[in-house]
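# Observations on chain architecture
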Amino acid sequence: MLILKAVSLKPLHGYGVLLRIRQISGNALAIPQGSLYPALYRLEHQGLIAPEWGQSENNRRAKYYTLTGAGRRRLREEAAGWNRLASAIAAALRATSEEV
Amino acid sequence: MFPRLRALVRALMARRAFEAGLTEELRFHIEQYTEDLVRSGVSPEEARRRARMELGGINTVKEECREARGLGGFDALERECRYAARQLWRNPGFTGTVVLTLALAIGANSAIFSLVNALLLNELPYTHPERIGTLYARTSGPQSSDTRRTIDGEQWERLREDVPALLTAVSAMRTSGANVRAGSVVQYVRAGRVSAQYFDVLVLHPVIGRTFSEDEDRPQGPRTAILGYALWQSAFGGNPNALGQAVLLKGEPHTIIGVLPEGATTPLNADVYTALQPGREGEGQAANFVAIMRLRDGPTWQQADAELNQALSGTARARRFASTNSGAQLTYYAVALQKAATDTLRPQVLALVLAAGFILLIACANIAGLTLVRMLRRTSEVTIRLALGASRWQIQRQMWIEHLLLACVGGAVGLGVGFLALRGLLQLLPEHFLPVATVPLDSRVLGFTLSLSLLTCILSGVLPVVATKNVDLRSSVGGRGVIGGASVRLRQLLIAGEVALTVVLLAATGLLIRTLIGLQTIPPGFNPTGVITAKASLDDIRYHDPAAFRKLLTESLTAMREIPGVQGAAVGLTLPYERALLNAVTLSAGKEAGQQVTTNQVYVTPQYFETLQIPVLAGRTFSDADSPDAQPVVIVNQTFARKFFHQENPVGRYLNKNVRIVGVVADTVLSSEARLNAGTAPLTREETIYLPAAQVVDAKLLSLVHGFFQPSWIVRTASPMGVPAQMQRALASADPQLPVSGFYYVKDLMAATLATQRIGVALLAAISSLALLLSAVGIFALVANIVAQRTREIGIRMALGSTIRKTMIQVGRTGVGASAMGLALGLILCVGVLPAMRSVLYGVGVYDAPTMLAVVLTLCAVTLLATTPILRVAHIDPAQTLREE
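The structure displayed is predicted, hence computed values, not measured ones.

Within chain B one finds 28 helices and 25 strands. Computed over its C-alpha atoms, the radius of gyration of chain B comes to 38 Å, more than 25% above the 29 Å expected for a compact globule of 885 residues. When burial is assessed residue by residue, chain B has 39% of its 885 residues classed as buried. Within chain B, counting contacts between residues at least 6 apart in sequence, those at least 24 apart form 83% of the total.

As structure tokens, then:
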């Protein structure tokens, strides 16, 4: 979900995805580098992101990932699911003893 | 083919691109990260190190990426295949033995399956072959039978008129060799006589012209001919103007009315066809016609059978059957042509299939045994892999893949072996032996071979794979994988099974060999050495005149007797070893006086008995004095005399009222081919009467028998060099236009008569030698393995005082024991299986003691040879083996 979100903002290469996730989560979340690429390939295989070769900022060939239509849909679903879960947990944590 | 190949290439290309992309992407990642780290103040070296560290093992990442792509399974498979191939490559002895075993077994099977495919499975090359049938009759009663029937003229009329469900046609029983002259070209061809509608039954339409009309098929109808495509090409260069032209066939002009399409065949398989013109007279008096029929649209075979039986039950032949076999039932019915055409070969072919199946089982047992040993040797490898975390499924999959690889290679080599074996086999067969033109190696054979390979893979793989299930991690680690008693017993059982099947095959082969030897050593009743023979077709209008026939015989024989070195020359309608004309005579004396009996009849010239050196037992032989005008005479053979005159001397008695018997000669062997009563040996001695050729004065009879038989000229000479050419010249001096079929030594006739038996023996002998070889390899491998694996144990035994001899016996006992167990099992199997062979054995019982003894001795000898690896025990040095520990 985080990868999808990262890629949804703008096409990114693998390293970029890593940086972006770190940035948007305010350095709170860091994906282990070893699992990033398998995850990318899995998403690619599922058709959620599409790869494309392009030029990097320092003029090197790099593989950029873009979110596909299916990826956008999945991101929406997962975000909604996550929000539901988060609010449910938040509600649960707000509960007081009288309510039980 | 091409799209598939392209797809494969594309997949490979994509794969390479994928790998390159993956590498590049990861490198890019590391470099970017390194740069960022350097920018944040880390030293370049440290940065590079950290970048690598954080990514983790590059190969692990790559592997995970590959798996994420969904192709992980394929990659693993490819890796395992490669590993398996490497393993097999490293064990050339094992791999070679297994592949060779598989190749021989699968080769034998695919060669024999090709025959089955061509004979029994492939459809006959006609339109809707399932609608074409032929006539069978079933009789009940004391002599019940169920065989294909030929019909006479009256039966044919009934079949044609009274069976509306079928379109019927008849042909002569076989083709006859004949000379055809078209323009200036003369050729010796196979001429077939067929009725009108014969080609309609087969749905064969001439490329040009038409088929025979009803009018042309009447007795004494106009003479017409239909050419086969090949003859049309060779004689007329494929010129359509051939229609309406005349060809000289059997000395008479026939008008060409049609040409058959290229590649068209008929059950008769002739080069040129003439109208049969069947009637009730002449050949129509006896069952000389073969019927074929096509089921018309609408009725079913049941209806057709009912109509057939109804139509034929009123005929004279059926009434005669009813009067001589009271209480017995005669039922006519139709049988598919395919089944009928392969009827005689079917049991032989199926027996071969069974034998080949035995070979496959034996090969599987061998391979299972070898693989078992290999698996046990690899116990430590398996243990290590298990300890390193491989799942049992992974290890088993690895073994299956090795097996599959072996099976595929073995199958491919086997296909080659099968192809060669089939070519050899077909060369062994006489021409026109099989009812099919070719034995193709088609997709069905390929499919069969493939499934056979898979079957062997499974059969031989199950056991070893099950055995590795028992590998226990703890006890095997650090162990030396000493071969266990259980596995030796298992292998002994496998070998016993092999040996049992081999014993059955050997016994069957032995019985067939005994039969063949028996047949070959039947005293022929004459002296075949030094006799040369040639046949000529007298199925020619010029020789329908008995005077012309006599003149030809006299002139040609006179010329032949003048050839230097020739001791005698004669002509006979048929020779010993051949089938003879069957005809009826009326007995005039004794208890059976007035009774008609069917007997073999042969017309011969004077000197026939002298030339063949057939002993004369009583009376005299023929001389030139037995002329057409003199007293009609015959000579009978010993069997005839014994059968119809019992103890009395037949000389001076009469047959057919006025034909005097003037002599008795010894029996000669005859071919029983085409005899109606099945189950007789291929060579028999039967009642025969000989009549002087000069006294055959019935023109009709002469033309009839010459339609069936080509008489043989025989010459006895001490020096056969150059005699054939001189014989031909002598014959040409009497008639320059007489075609000669070719020259043979009479002793070769026996070989031709026994060709079927010989081929059967040769094939079965080849198969059982293969079985014996495989069993020997199995025993050899078992013993050799035990010696190799137990070197240490043997060393200890000998160090403790056991002698070499004792140890050898100890080790050899496993092999010999397995073989003995197999022998016992095999003999029990023989009791059940061999009685099925009774119909092909002549002059030898099913449980023939000498054969069985030979089988047992052969097996003992082979077993002893196969246990020779025990000799290696002698080279084991106890001190050294113990030091190696």
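Our next topic: the overall build of chain A. Across its full length, chain A holds four helices and two strands. Here chain A has a C-alpha radius of gyration of 17 Å; the compact-globule value for 100 residues is 13 Å, and the former is much larger. Principal axes of the C-alpha set define a box for chain A whose edges measure 65 × 30 × 20 Å. A burial count over chain A gives 25% of its 100 residues as buried. The contacts of chain A with a sequence gap of at least 6 include a subset with a gap of at least 24, amounting to 44%.

Now for helix α9 (residues 301–313) of chain B. Residues and elements named next belong to chain B. Taking 1.5 Å of rise per residue, 13 residues should cover 18 Å, and α9 covers 18 Å from first to last C-alpha, within 8% of that figure. Restricting attention to buried positions, one finds in α9 the residues A304, D305, L308, A311 and L312. Buried residues of α9, seen end-on, are gathered within an arc of 135° and therefore sit on one face of the element. Of the surrounding elements, those touching the buried residues of α9 are α6 (153–162), β3 (166–172), β11 (289–295), α10 (316–324) and β12 (330–336).

What follows covers the interface of chain B and chain A. On the chain A side, the residues contacting the 17 residues of chain B number 14 residues. Taken together, the elements giving at least two residues each to the side of chain B that touches chain A come down to α1 (2–39), α2 (44–55) and α3 (58–68) of chain B. With eight residues, α1 of chain B is the largest single contributor of residues to the side of chain B that touches chain A. Here the residues of the side of chain B that touches chain A sort into seven nonpolar, five polar and five charged.

Let's shift gears to helix α13 (residues 379–387) of chain B. Residue and element names in this part refer to chain B. Of all the positions in α13, only T379, V382 and T383 are classed as buried. Across the axial projection of α13, the buried residues extend over an arc of 100°, all falling on one side. Remark: G389 follows α13 within two positions and exhibits a positive phi of approximately 105°.

Further remarks concern the packing of helix α1 (residues 2–9) of chain A against helix α2 (residues 14–24) of chain A. All names here are of chain A. Close contact between α1 and α2 brings their axes to 9 Å; oriented N to C, the two are set at 100°. With respect to each other, α1 and α2 are oriented roughly perpendicular. Of α2, the residues touching α1 (which contributes L2, I3, A6 and V7) are V17, R20, I21 and I24. In terms of residue class, the contact of α1 with α2 is made up of seven nonpolar, no polar and one charged.

Residues and elements named next belong to chain B. Among the seven residues in strand β14 (residues 566–572), six count as buried, and that is most of the element. Here six bridges tie β14 to strand β24 (residues 712–717), and the two strands are oriented antiparallel to one another. Residue pairing for β24: G568 is matched across the bridge by R716.

This part covers the domain arrangement of chain B. Residue and element names in this part refer to chain B. In terms of domain boundaries, chain B breaks down into domain 1 (2–70), domain 2 (75–127 + 343–480), domain 3 (141–328), domain 4 (482–523 + 758–885) and domain 5 (538–738). Centre-to-centre separation of domain 3 and domain 5, based on C-alpha positions: 30 Å. Counting residues at the interface gives nine residues for domain 3, matched by nine residues for domain 5. Top element by residues in the side of domain 3 that touches domain 5 is strand β4 (residues 176–182). It accounts for three residues. The residue makeup of the side of domain 3 that touches domain 5, split by class, is one nonpolar, five polar and three charged.

Residues and elements named next belong to chain B. One non-glycine residue, Q197, lies in the positive phi region at around 70°. Relative to the helices and strands, Q197 resides in the loop between β5 (185–194) and α7 (198–201). Unusually for a residue other than glycine, Q220 sits at a positive phi of about 65°. Topologically, Q220 is positioned in the loop between β6 (208–209) and β7 (224–227). Owing to 7 C-beta atoms within 10 Å, Q220 belongs among the exposed residues under this scheme.

A few words on the nonpolar core. Residues and elements named next belong to chain B. With 83 residues, the main nonpolar core has L102, A108, I359, V503, I767 and A771 as its most contacted residues. Element by element, the count of residues in this core is highest for helix α12 (residues 346–377), at 16 residues. Split by domain, the residues of this core number at least three in each of domain 2 (75–127 + 343–480) and domain 4 (482–523 + 758–885). Core analysis: the next-biggest nonpolar cluster, separate from the first, contains 62 residues, V566, F609, V634 and L754 among them.

Okay, the pairing of strand β23 (residues 688–692) of chain B next. All names here are of chain B. Within β23, five of the five residues are buried, which leaves it mostly tucked inside the rest of the structure. Here β23 shows no split at all, with T688, Y690 and P692 on one side and I689 and L691 on the other all buried. Pairing analysis gives five bridges linking strand β16 (residues 596–604) to β23, with the strands arranged parallel. In the strand pairing of β23, V604 is matched with P692.

A word on the packing of helix α26 (residues 804–833) of chain B against helix α27 (residues 849–866) of chain B. All names here are of chain B. Look at α26 against α27: their axes get within 10 Å of each other, and the N-to-C directions meet at 160°. In terms of orientation, α26 and α27 fall into the roughly antiparallel class. Where α26 crosses over α27, the handedness of that crossing is right-handed. Between α26 and α27, the contacting residues are G815, V816, S819 and L823 on the first element and V856, L859, T863 and A866 on the second.

Thresholds, definitions, all that
- Residues numbered from 1 in each chain as written.
- Chains lettered and ligands numbered in written order.
- Predicted model: local features only at pLDDT ≥ 70, side-chain atom pairs only at ≥ 80, totals over all residues.
- Helix = DSSP H or I, 4+ residues; strand = E, 2+ residues; numbered from the N terminus.
- Rg over C-alpha atoms; globule rule 2.2 N^0.38 Å.
- Buried ≥ 20, exposed ≤ 12 C-beta atoms within 10 Å, placed from the backbone.
- Contact = placed C-beta atoms within 7 Å.
- Expected span 1.5 Å × (residues − 1).
- Arc of directions from axis to C-beta.
- Nonpolar A, V, L, I, M, F, W, Y, C, P; charged D, E, K, R; others polar.
- Axes fitted to C-alpha atoms, helices over the stretch in contact; angles between N-to-C directions.
- Parallel < 35°, antiparallel > 145°, perpendicular 65-115°, else oblique.
- Pairing = 2+ DSSP bridges.
- Domains from an automatic or database assignment.
- Core = buried A, V, L, I, M, F, W, Y, C linked by C-beta atoms within 7 Å.
- Left-handed = near helix turned anticlockwise from the far one by under 90°.

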